[in-house]
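Single-letter residue listing:
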Amino acid sequence: MSMVDEPLYPIAVLIDELKNDDIQLRLNSIRRLSIIARALGEERTRKELIPFLSENNDDDDEVLLAMAEELGVFIPYVGGVEYAFVLLPPLETLSTVEETCVREKAVDSLCRIGAQMRENDLVEHFAPLAKEIDRLKLFTSILVDLREHPADISGFSALLGCGCVRDHKSRLSAGEWFTARVSACGIFHIAYPSAPDPLKTELRSIYGQLCQDDMPMVRRAAATNLGKFAATIESAHLKTDIMSMFEDLTQDDQDSVRLLAVEGCAALGKLLEPQDCVAHILPVIVTFSQDKSWRVRYMVANQLYELCEAVGPEPTRTDLVPAYARLLRDNEAEVRIAAAGKVTKFCRILNPELAIQHILPCVKELSSDSSQHVRSALASVIMGMAPVLGKDATIEHLLPIFLSLLKDEFPDVRLNIISKLDQVNQVIGIDLLSQSLLPAIVELAEDRHWRVRLAIIEYIPLLASQLGVGFFDDKLGALCMQWLQDKVHSIREAAANNLKRLAEEFGPEWAMQHIVPQVLEMINNPHYLYRMTILRAVSLLAPVMGSEITCSKLLPAVVENMIRPCLVELSEDPDVDVRGIVDLGVDQVVKDQNTLDVLFFIHGYFTLCLDRIHLFEHSRDCPEELLEAVSGLLFAASRIDLAARSIELRSNCGVDPKIIQKLSTRHPPKEVRMKALKEIAAENNIVLKLEEASTSTEGTSDVSKAKPTSEDERGEGCGLSDSVKRGKKKYKDVADAAQAASCLAM
Amino acid sequence: MNGGDEAGASGDLPQPLDWRFSQVFGERSAGEEVQEVDIISAIEFDKSGDHLATGDRGGRVVLFERTDSKNTSGARRDLEGTDYPLRHPEFRYKTEFQSHEPEFDYLKSLEIEEKINKIRWSQTANGALFLLSTNDKTIKFWKVQDKKIKKICDINTDSSKTLGNGSVASSSNSNSTNACLTNGGLPDKVNNSLSNDFSLPPGGIPLLRLPVVTTSHETSPVARCRRVYTHAHDYHINSISNNSDGETFISADDLRINLWNLEISNQSFNIVDVKPANMEDLTEVITSAEFHPTHCNTLAYSSSKGSIRLIDLRQSALCDSHSKLFEDTETPSSRSFFTEIIASISDIKFAKEGRYILSRDYMTLKLWDINMDSGPVSTFQVHEHLRPKLCDLYENDSIFDKFECCLSGDGLRVSTGSYSNLFRVFGVSPGSTESTTLEASKNPMRRQVTTPSRPSRSLSSITRVVRRGAAESPGVDGNGNSFDHTTKLLHLAWHPTENSIACAAANSLYMYYA
């Protein structure tokens, strides 16, 4: 029980909590291991902390994972690289636990430390680590011997004394302690380069044993790391040792091991000389491409094109192309999906004749494949073949495939084709396709799944740029307007956005003629949700159109058609209170762009107020969901009406902060604000409630309390800030205003 | 009739085994009511045979360990084994844990029972045991490890002794008040000083010390749930089975079989789907599924129509088409209303090397050779005397009881349960006539009968009365092929290396050896 100085107290607590019962606290301590280490000093860290950690390695996985991670960057705290080796034992233990992610992290950290350690240190400390597993194997075999000569107990306990045998508990232990071997596979590539020759030989042979381990988990780890290990090995041994290991792995009876061996094919192939690659890797991959297991063939289909570069053109033509063609015709849909997805990458490596001769026939078959996923995978890449094949071949061979895929019954297939239209356009132009394109687009545009509609809207600007103004005007313009009235909010929002992108694509002139009139026409839609969509579109269009058009065309239309009728209707309301609100805001026309965005809100609020007006009549209190609307209106009114009378509201009264941002002006004196507020408060009951809220001192940043009145409205409002961002340059004052607003809100 | 003679027997046929009672866990005392939650619903030996797990209807998993395997090395045990060849495996209680809790699926308005349907052991690693347990919907992966009991003494802040660990604990997280209590009030410094700008002397602070942990030699097993595999089954899971590759397992419900990776709990692949487009067309459900013990790509599943399908995972991603179909083509002599019901296979097991499959339907055990799909290699009648009673059994739903079956490690014998707490052991070597009936009680051979199918209708009604009158007292109940459909022996398991059987009679676990 030592008394600890006051300033040290927190560190003392931290240290004690290394063994706290609460896992969160232990985790916290482990995460701050570096502080503890600094408090203890380098020497005591080496002599006490690290051994302490090594001993206490039966903690929860989360703690062990954190420990493995911390130790990876611990070199500075143990006294620099020359002492880095002390970190190896605890990491070694961590690399034997059974939780994979802890092991992987420990191996990561081991490799990281290994990479920093000086060469002779590496040999001294790392190579034994990799050999450790060999010792395990050795002792396991001794154990087996012992079982047959049970009299030799003394010899056995002597071995136990070595402290190397951890597996004396059960007779199946040969398998049980496999996690160490799994981890060992991952550090060979660090230990190997700096090892002296005899040790290198040994390491290679140990790795060979790992490749033939009894446990499939170990063989899988060996297969996974073979490429990394091979990269560090001298080319002389590469051909002999590594290739024989590779062969072992490729003939494994576990599919999972063979799978990983395939993955290594390409990596190994790149290390070898082309002729060796042809001699060793090529036959294997060709065999794999006909493997009984579809998962292996699937892997081959994914990897094959990478190998083409490694083996060179001639073997590619004679062996890999036929193998690939087979995969394209595989029985298993999953394999065809993988193969189809790589068809363009593969063809880019081949010369066009080969592609036309061997690959195209398969592609044709795939385009009418029974599996929609195969066709979809094909459709997503096939357009890329056009530049590879050239114009004539594309028209002759690919075009029919495009057309048939465009008529596919599965929407994803059509969408995938449309999404890559630009690639084909460069080669053959769009005219040849446009005949089939239009029905496909129209059908997708009316698909009953809204996600499909959404996807096609996303592609409209692309289509517009590829098809040109003329085609677009004729065929697609109407569709774009139609989406504005979709039943699904996301579609309407995307449609509004789409209009903006179209205007960007074709320029304001065009938009003035082809978009604005149609949009403004819809401004009188009886349903407020649709009107809000229009407002959204208008506010998105405004930055693109420029301030002149906005002020001359858009704003008046909006104000005239939307704001005024609402105000008029409200002002005729039988309820005095409502008229009181309305009076504040009547007839103020807006002068700058910010206000347009606000109009969007105002319209929403008005609509909402109108919808809920009956609520006012029955209740004295302002309903919760109207608080935002009413106070927002009041606030807007105070700003739009530039009279001295203005109201300041605290943010907790529910005014949408965006409105505050957009409308904020100078900071009015507080007395004025309070006076104005009280005036209104005295005038009607609704605002009384507001006053309570606004004069309360707590909860200053309670904007979140202002509940969205309906999901739809909230959603529509969200995009506004985007338009502000885009219009930044033009409307610099927005940023200023926003700043002022945030000052106000404090 | 001694197991020891087996090797010296003149012919190829092994001698019938002489079964003896070994142990019982949770034996009922006379008159004790069986609690529903205590009824054992799954039994499984691990690969080495050193551990045994049972699951019950209350969602608990109980582990037993072999007494002679503990505290000695494998070599030493073998040594002892050679000295005392007749020593039979004995088990003791190791630990238990609550694997599943009753749940309610709010989306489907469905109660999910906690009952453990199956337990499967996984590869042991680093001295820890791993097992999968499942109820109707959720599979859980458990790790059971002996943890040394550790005590922490000598820590820096002695105040924690008086305040308790928890309170000091909170001080570092939230610079709470405890710090002031002990050190005269500098709570704010706690966090400040932890920030990096706090300067520490380069040599370290000698006053600080690491907690000293004293490790006692006592250990206590701790079970931790490592993964939960859920939301993948619309119907009730009837089987789980580990793959020999050590990284995957399957789970089967009535209509589908899913393939999981042990490390990935949020996705699984559907590999078999027998659900018809229209549920009205449903004629057959999956009743059991198991991986081949050595071939990672082969699995077998049985159906309610009495067929076993072997599928090859290499063939395609969705293995709706089997690679081999095993059906008993022999038409039963008399077809009746019950023919189809009793054909339903309740359990299948691969023999150790994977060449044979044992299946249990209501009336028989069948052994199949996977290289011969024309019919079973042999068929064993389990309780032929019940055939006339099928109608009664149907009425009290007993006909839908799902009996399990098991094979001995050497593949020479098979076993399965029946009613009245009886179980049968058959020799499967060609020409073997071994067929033994045992009762799950302390005296298993008490009512051994040589001809198991001997009808004893005259007696049965009497024995039933006797049994009831005797209030379950095992010493009093009758003999012969009495039949009590309420005491059924559904679950049993054969030790992987020795002739030892563990079987469940209601809440009791009986173990026998030969």
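Residues take numbers from 1 onward in each chain, read along the sequence in its written order. Throughout, the order in which chains and ligands are written sets their labels, letters from A for the former and numbers from 1 for the latter. At least 70 in pLDDT is required for a residue's local features to be given in this predicted model, at least 80 for side-chain atom pairs to be given and counted, and no such filter applies to totals for whole chains, interfaces and linings, which use all residues. Working from all heavy atoms in the structure, the side-chain values ignore hydrogens and water.

Novice: Outline the overall build of chain B, supporting the account with residue identities and numerical values.
Specialist: For chain B, the helix and strand inventory stands at 8 helices and 30 strands. Buried means the residue's accessible area, taken with a 1.4 Å probe over protein chains only, is under 20% of the maximum for its type, while exposed means over 50%, and partly exposed covers the values in between. The buried share of chain B, taken over its 514 residues, is 54%. Contacts spanning at least 24 positions in sequence make up 56% of the contacts within chain B whose residues lie at least 6 apart. Accessible area for chain B stands at about 22,700 Å²; split by element, carbon and sulfur atoms hold 50% of it. Working definition: helices are DSSP H or I runs of at least four residues, strands are E runs of at least two. Numbering for both runs from the N terminus. The criterion used for residue contact is that any of the two residues' heavy atoms lie within 4.5 Å. Values of accessible area rely on a 1.4 Å probe in the Shrake-Rupley scheme; residue burial ignores everything except the protein chains shown.

Novice: Tell me about the overall build of chain A, and please be specific about residues and values.
Specialist: If you tally the helices and strands in chain A, you get 45 helices and 0 strands. Counting across all 746 residues of chain A, residues that qualify as buried make up 58%. When the accessible surface of chain A is split by element, carbon and sulfur atoms take 51% of a total near 31,100 Å².

Novice: With reference to specific residues and values, describe the environment of Gln435 of chain A.
Specialist: You can see Gln435 of chain A is positioned in helix α29 (residues 431–445). Sequence-wise, Gln435 of chain A and Leu403 of chain A are 32 residues apart; in three dimensions their C-alpha atoms are separated by 9.2 Å.

Novice: Now, about helix α20 (residues 313–328) of chain A: what can you tell me, with residues and values included?
Specialist: Residues and elements named next belong to chain A. Two axes define the bend at a residue: one fitted to the seven residues ending there, one fitted to the seven starting there, and the bend is the angle between them. Remark: the principal bend of α20, roughly 40°, maps to Leu320, with a proline, Pro322, within the next four residues. Along α20, the positions that sit buried rather than exposed are Pro315, Thr316, Leu320, Val321, Ala323, Tyr324, Ala325, Leu327 and Leu328. Close packing links the buried residues of α20 with α18 (274–288), α19 (294–311), α21 (333–341), α22 (343–349) and α23 (352–366).

Novice: Can you explain the packing of aromatic side chains? Please cite residues and give values.
Specialist: Between two aromatic rings, the relevant description is the distance of the centres plus the angle of the planes. Two rings from Phe, Tyr or Trp (for Trp, the six-membered ring) form a pair when their centres are within 6.5 Å of each other. A pair whose planes differ by under 30 degrees is stacked, one over 60 is edge-to-face, and the rest are tilted. Summed over all chains, the structure comprises 33 aromatic pairs over all chains. Taking 5.5 Å as the distance between ring centres and 80° as the angle between the ring planes, the aromatic pair formed by Trp19 of chain B and Trp494 of chain B counts as edge-to-face. With Trp19 of chain B in the segment before β1 (20–25) and Trp494 of chain B in strand β28 (residues 492–494), this residue pair connects regions lying 475 residues apart in the sequence. For the residue pair Trp19 of chain B and Trp494 of chain B, the accessibility class agrees, reading buried in each case. Put simply, the rings of Phe188, Tyr192, Tyr207 and Phe229 of chain A pair up and form one aromatic cluster.

Novice: Could you give an account of the pairing of strand β9 (residues 129–134) of chain B, with specific residues and numbers?
Specialist: Of all 6 residues that make up β9 of chain B, 6 are buried, and the element is covered over most of its length. Of the two faces of β9 of chain B, the one holding Leu129, Leu131 and Ser133 of chain B and the one holding Phe130, Leu132 and Thr134 of chain B are both buried throughout.

Novice: Lay out the packing of helix α15 (residues 216–231) of chain A against helix α16 (residues 235–250) of chain A with the relevant residues and their values.
Specialist: When two helices pack together, their arrangement is captured by the angle between the axes and the distance separating the axes. Residues and elements named next belong to chain A. Orientation of α15 relative to α16, taken along the N-to-C sense of each, is 155°, at an axis distance of 10 Å. Comparing the axis directions of α15 and α16 gives the class roughly antiparallel. Relative to α16, α15 is oriented so that their crossing is left-handed. Residue-level contacts link Arg219, Ala222, Ala223, Leu226, Phe229 and Ala230 of α15 to Leu238, Ile242, Met245, Phe246 and Leu249 of α16. Each residue is assigned to one class: nonpolar for Ala, Val, Leu, Ile, Met, Phe, Trp, Tyr, Cys and Pro, charged for Asp, Glu, Lys and Arg, and polar for all the others, Gly among them. Residue classes in the contact of α15 with α16 are distributed as 10 nonpolar, no polar and 1 charged. To define axes, lines are fitted to C-alpha atoms, for helices over the stretch in contact only, and angles between the resulting N-to-C directions are given on a 0 to 180 degree scale. Here the word oblique covers every angle except those under 35 degrees (roughly parallel), over 145 (roughly antiparallel) and from 65 to 115 (roughly perpendicular). Crossing handedness is defined as follows: a turn of the near helix away from the far one that is anticlockwise and smaller than a right angle gives a left-handed crossing, while the clockwise case is right-handed.

Novice: Quick rundown of the environment of Val538 of chain A? Include the residues and the values.
Specialist: On the secondary structure map, Val538 of chain A appears in helix α34 (residues 528–545). Considered as a pair, Val538 of chain A and Leu555 of chain A are 17 residues apart in the sequence and their alpha carbons are 8.7 Å apart.

Novice: Describe the sheet that holds strand β29 (residues 500–505) of chain B, listing the residues and the values that go with them.
Specialist: Residue and element names in this part refer to chain B. What makes two strands pair is DSSP finding at least two bridges between them. Spatial ordering of the open sheet is given by β1-β30-β29-β28, a layout of 4 strands whose pairing is antiparallel. The outermost strands of the open sheet, each flanked by one partner alone, are β1 and β28. Mean inter-strand twist for the sheet, computed between neighbouring axes without regard to direction, equals 20°.

Novice: For the pairing of strand β2 (residues 40–45) of chain B, give the residues involved together with the corresponding values.
Specialist: Along any regular strand, the residues point their side chains to alternate faces of the sheet. All names here are of chain B. The buried fraction of β2 amounts to 6 of the 6 residues, a majority that puts the element mostly inside the structure. Looking at chain direction, β2 and strand β3 (residues 51–56) are connected through 5 bridges and run antiparallel. Paired with Ile43 across the two strands is Thr54, which belongs to β3. Counting the residues that bridge the hairpin from β2 to β3 gives 5 residues, and of these Gly49 lies at a positive phi of roughly 80°.

Novice: I'd like a rundown of the sheet that holds strand β25 (residues 413–417) of chain B, residues and numbers included.
Specialist: Two pairing modes exist for strands in a sheet, parallel and antiparallel, and in both the strands are linked by backbone hydrogen bonds. Residues and elements named next belong to chain B. The strand order across the open sheet formed by 4 strands is β24-β25-β26-β27, and the pairing between neighbours is antiparallel. Unpaired on one side and paired on the other, β24 (405–407) and β27 (435–439) mark the two borders of the sheet. Taken over all neighbouring pairs, the strand axes of this sheet differ in orientation by 20° on average, direction set aside. For β24 and β25, the ladder comprises 3 bridges, and the chain directions are antiparallel.

Novice: I'd like to hear about the nonpolar core, residue by residue, with values.
Specialist: All names here are of chain A. By size, the foremost hydrophobic cluster in this structure holds 168 residues, and its most contacted members are Tyr207, Ile285, Ile359, Ile382 and Trp483. If you tally residues by element for this core, the top one is helix α30 (residues 450–483), at 14 residues. With residues near it in sequence (within four places) discarded, Tyr207 still touches Cys185, Phe188, Ala221, Ala222, Asn225, Leu226, Phe229 and Met245. Nonpolar cores are built from buried Ala, Val, Leu, Ile, Met, Phe, Trp, Tyr and Cys residues. Side-chain atoms within 4.5 Å join them into one set. By size, the runner-up hydrophobic cluster in this structure holds 47 residues, among which are Ile11, Leu53, Ala68 and Ile113.

Novice: Which residues make up the side chain of Ser22 of chain B, and what values do they have?
Specialist: Residue and element names in this part refer to chain B. In this fold, Ser22 is placed in strand β1. Accessibility expressed as a relative area gives 15% for Ser22, which makes it buried. If sequence neighbours within four positions are ignored, Ser22 has contacts with His88, Pro89, Glu90, Met511, Tyr512 and Tyr513.

Novice: I'd like to hear about the environment of Leu422 of chain B, residue by residue, with values.
Specialist: Mapped onto the fold, Leu422 of chain B is located in strand β26 (residues 422–427). It is 9.4 Å that separates the C-alpha atoms of Leu422 of chain B and Phe483 of chain B, two residues lying 61 residues apart in sequence.

Novice: Kindly report on the confidence of the model for chain A, identifying the contributing residues and their values.
Specialist: All names here are of chain A. One number per residue, pLDDT, summarises how confident the predictor is, and it ranges from 0 to 100. With 66% of its residues at a pLDDT of at least 70, chain A reaches an overall mean of 72. Taken together, the stretch residues 584–593 has pLDDT below 50 and engages in 21 contacts with residues farther than four places along the chain or on a different chain. Confidence drops under a pLDDT of 50 for residues 665–669, and excluding neighbours within four residues, the segment shows 6 contacts in the predicted structure.

Novice: Got a sec to walk through the pattern of salt bridges? Specific residues and values, please.
Specialist: We define a salt bridge as a contact between a side-chain nitrogen of Lys or Arg and a carboxyl oxygen of Asp or Glu at a distance within 4 Å. Per the stated rule, a full pass over the model turns up 50 salt bridges over all chains. Taking the shortest distance from any N to any O, the salt bridge between Asp253 of chain A and Arg219 of chain A comes out at 3.8 Å. With Asp253 of chain A in the loop between α16 and α17 (255–271) and Arg219 of chain A in helix α15, this pair connects stretches of sequence that are 34 residues apart. Overall, Asp253 of chain A belongs to the exposed group, its relative accessible area being 58%. Across the pair Asp486 of chain A and Arg453 of chain A runs a salt bridge whose closest N-O atoms are separated by 2.9 Å. Placement of the pair is Asp486 of chain A in the loop between α30 and α31 (489–506) and Arg453 of chain A in helix α30, with a sequence separation of 33 residues. You'll find Asp486 of chain A and Arg453 of chain A in the same group, each marked buried. One network of salt bridges, with partners in common, ties together Arg26, Asp59 and Asp60 of chain A together with Arg224 of chain B.

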